[in-house]
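Coordinates in review
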Amino acid sequence: MRDVFLGIIVQKYGGSSIANAERIKNVAKRIVKTKNQGNSVIVVVSALGDTTDNLLKMAHEITPSPPERELDMLLATGEQVSVALLGMAIYSLGYEAISFTGQQVGIVTDAVHTKAKILDVRSKRIMEEIKKDKVVIVAGFQGVTIDNDITTLGRGGSDTTAVALAAKLKADVCEIYTDVDGVYTADPRMVSDAKKIDEISFDEMLEMAATGAKVLQVRSVEFGQNYGVYIHVRSSFSEEPGTLIKEADKVMEKAVIRGVTHDIDEAKITILGVPDKPGIAARVFRALSDANANVDMIIQNVSEKGFTDISFTVTKDDLIKAKDVVDKIVVELGARGSLCDENIAKISLIGAGMITHPGVAADMFSALAGNNINIEMISTSSIKISCVIDEKDVGVAVRALHDKFGLGSNRG
């Protein structure tokens, strides 16, 4: 794996990498080192440490359902602090830097507050400053609508900012710096022998990100795949190479299972006694879509006497709005009622190699059954199998599957 990429480099630093003054100074030194290797450097930063969580907590102390436009106005302030402080740190080392908000550099998004999608990146101002030999620092996680309303890109949105900039600027690589040194076969905090993956395909990383791996936001991987951006996930506390995310090639290892992921940030909603006739499911999920509530897994029970139950999962961030929609749907359809379960977890097996290996699902279900873990929902794709289980069982499940498929670092 190449460790040095000459040309334009985009670097993104997460909140843990710049959590205090000392870490900000260390990041500044890393940036200057990259620049001194002959590169033009654009830096994207998140808010310091737990800033975003603290701002969210404050908002919910004011009201349990803060208006999403005002929430974006609030949350976008965290990154503005980060870019200014990092700019000062770079100046203190004798180098020129300039900091920008997402609005100032023209990161244009749609108008879906708290989970906006990038529509365009207007890179003119960035390139003007790069030509002046400055380090350009951009606030991640935020953008602006065509009506000049501030928006945010959702959890992990700074990843998407960085990869979008790398795509627009045709950067050689987008380095994502975090507090872990790459992508692992499972969460190393949960599985002691989890193994770092040196290279992984976009398709596999997309599924891992979508099923609970917190290393990258899903949309950042989509940007990378769509525009051919090399993404290098690295630790801001180490000089070691991390995990390179790229298009699959013949040299890359064709592992049957690449990793085990888990997600405890979802909830399951069940609508009971729904009339079983054409168009009902469309009405339910259109209403959820109109409310910008993202639905993940869906299951519909067998019809009994003309009625059925529909279950689906949503992120806990979308739970309040989803429940509001469901309450209205229950009345409109004359359904029997609804249930909500927040104590669930989703566990997933990811691997492009499973396409040509029958029996993976059976082995997965056997491993769970062997640990007395009940499966509530199942979802599959060509490179993924996901199950919803009780949240209390997630640690045992992840370790059992990691061991079952021989993913540990002690397996060679």
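Residues numbered from 1 in each chain as written. Predicted model: local features only at pLDDT ≥ 70, side-chain atom pairs only at ≥ 80, totals over all residues. Heavy atoms only, no water.

Concerning the packing of helix α3 (residues 68-75) against helix α4 (residues 77-92)
Running from N to C, α3 and α4 point in directions that differ by 15 degrees, and their axes come no closer than 4 Å. What the angle tells us is that α3 and α4 run roughly parallel. Across from M73, L74 and L75 in α3, the residues of α4 making contact are T77, G78 and E79. (Axes fitted to C-alpha atoms, helices over the stretch in contact; angles between N-to-C directions. Helix = DSSP H or I, 4+ residues; strand = E, 2+ residues; numbered from the N terminus. Parallel < 35°, antiparallel > 145°, perpendicular 65-115°, else oblique. Contact = heavy atoms within 4.5 Å.)

With respect to the packing of aromatic side chains
Following the criterion strictly, the structure yields three aromatic pairs and no others. For the pair Y13 and Y177, a centre-to-centre distance of 4.8 Å together with 10 degrees between the ring planes defines the contact as stacked. Of the two residues, Y13 sits in strand β1 (residues 8-13) while Y177 sits in strand β9 (residues 173-178), which places them 164 residues apart along the sequence. Exposure class is identical for Y13 and Y177. Each is buried. Consider the rings of F285 and F312, whose centres lie 5.5 Å apart with planes at 75 degrees: the pair is edge-to-face. Taken as a pair, F285 in helix α10 (residues 280-290) and F312 in strand β18 (residues 307-315) lie far apart in primary sequence, 27 residues in all. Each member of the pair, F285 as well as F312, carries the same accessibility label: buried. (Phe/Tyr/Trp six-rings, centres within 6.5 Å; stacked < 30°, edge-to-face > 60°. Buried < 20%, exposed > 50% of the residue type's maximum accessible area, 1.4 Å probe, protein only.)

Description of α10
Since one α-helical turn is 3.6 residues long, residues separated by three or four positions face the same way. Burial in α10 covers these residues: I280, V284, F285 and L288. End-on, the buried residues of α10 take up no more than an arc of 115 degrees, which puts them together on one face. Residues A282, R286 and D290 are exposed on α10 and point more than 90 degrees away from its buried face. Where the residues of α10 are buried, they touch β16 (266-275), β17 (295-300), β18 and α11 (319-333). Positive phi appears at N292, one or two residues downstream of α10, with a value of about 60 degrees. (Arc of directions from axis to C-beta.)

Quick word on the packing of helix α2 (residues 51-62) against α3
Between α2 and α3, the shortest axis-to-axis distance is 10 Å and the interhelical angle comes to 140 degrees. As the angle between them shows, α2 and α3 are arranged oblique. For the element pair α2 and α3, the recorded crossing hand is right-handed. Contacts between α2 and α3 involve T52, L55, L56 and A59 on the former and, on the latter, L71, L74 and L75. Taken together, the residues of the contact of α2 with α3 sort by class into six nonpolar, one polar and no charged. (Left-handed = near helix turned anticlockwise from the far one by under 90°. Nonpolar A, V, L, I, M, F, W, Y, C, P; charged D, E, K, R; others polar.)

Section: the nonpolar core
Of all hydrophobic cores here, the largest spans 44 residues; its most connected members are I42, I126, V138, M205 and L216. Among the elements that make up this core, the one with the highest residue count is helix α7 (residues 157-169) (seven residues). Sequence-distant contacts of M205, defined by excluding residues within four places in its chain, comprise V183, I200, L216, V221 and I245. One finds M364, A367, C387 and F405 within the second-largest nonpolar core, a separate group that totals 24 residues. (Core = buried A, V, L, I, M, F, W, Y, C linked by side-chain atoms within 4.5 Å.)

Quick word on the sheet that holds strand β6 (residues 135-139)
Overall, mixed pairing links the eight strands, which are arranged β3-β6-β2-β1-β9-β13-β14-β12 in an open sheet. Each edge of the open sheet is held by one strand with a lone partner, namely β3 (97-100) and β12 (199-201). Put simply, the sheet's adjacent strands are angled 20 degrees from each other on average, direction ignored. Sheet analysis places strand β13 (residues 231-235) next to strand β14 (residues 243-246), joined by three bridges and oriented antiparallel. (Pairing = 2+ DSSP bridges.)

Some details on the sheet that holds β16
The strand order β17-β18-β16-β19 describes an open sheet built from four strands, whose pairing is antiparallel. Each edge of the open sheet is held by one strand with a lone partner, namely β17 and β19 (337-341). Adjacent strand axes in the sheet meet at a mean angle of 20 degrees when their direction is disregarded. Of the strand pairs in this sheet, β16 and β19 are connected by five bridges, and their pairing is antiparallel. Residue T270 lies in a different strand from β19, and its bridge partner there is L339. The strands that α11 touches are β16, β18 and β19; relative to β16, the one it contacts most, it runs at about 5 degrees.

Points about the side chain of T152
Here T152 is to be found in strand β8 (residues 150-152). Looking at T152, its side chain comes within polar contact range of the side chain of D72, at 2.6 Å. Here T152 is in contact with D72, L75, A76, V112, T114, K115, A116, F141 and Q142, once residues within four sequence places are set aside. (Polar contact = N/O pair within 3.5 Å; in protein donor to acceptor, adjacent residues only side chain to side chain.)

Description of the side chain of S46
Looking at the element boundaries, S46 is found in the loop between β2 (40-45) and α2. According to the relative accessible area criterion, S46 is buried, its value standing at 12%. If we ignore the near neighbours within four places in the chain, the residues touching S46 are K12, Y13, G14, G15, I18, E79, S82 and S158.

Some details on α4
Under the 1.5 Å per step criterion, the end-to-end length of α4 is 23 Å for 16 residues, consistent within 8% with the ideal 22 Å. Residues of α4 that are buried: G78, E79, S82, V83, L86, G87, A89 and I90. The buried residues of α4 occupy an angular sector of 160 degrees when projected down its axis, which confines them to one face. Summarising the geometry of α4, the exposed residues directed more than 90 degrees from the buried face are M88 and S92. The positive-phi residue at the C-terminal boundary of α4 is G94, with phi of around 90 degrees. (Expected span 1.5 Å × (residues − 1).)

Description of the confidence of the model for the protein chain
Should the pLDDT be low somewhere, the predicted coordinates at that spot are not to be read in detail. With 96% of its residues at a pLDDT of at least 70, the protein chain reaches an overall mean of 92. Note on residues 1-5: pLDDT under 50 across the span, and 15 contacts to partners over four residues away in sequence or across chains. (pLDDT = per-residue confidence, 0-100.)

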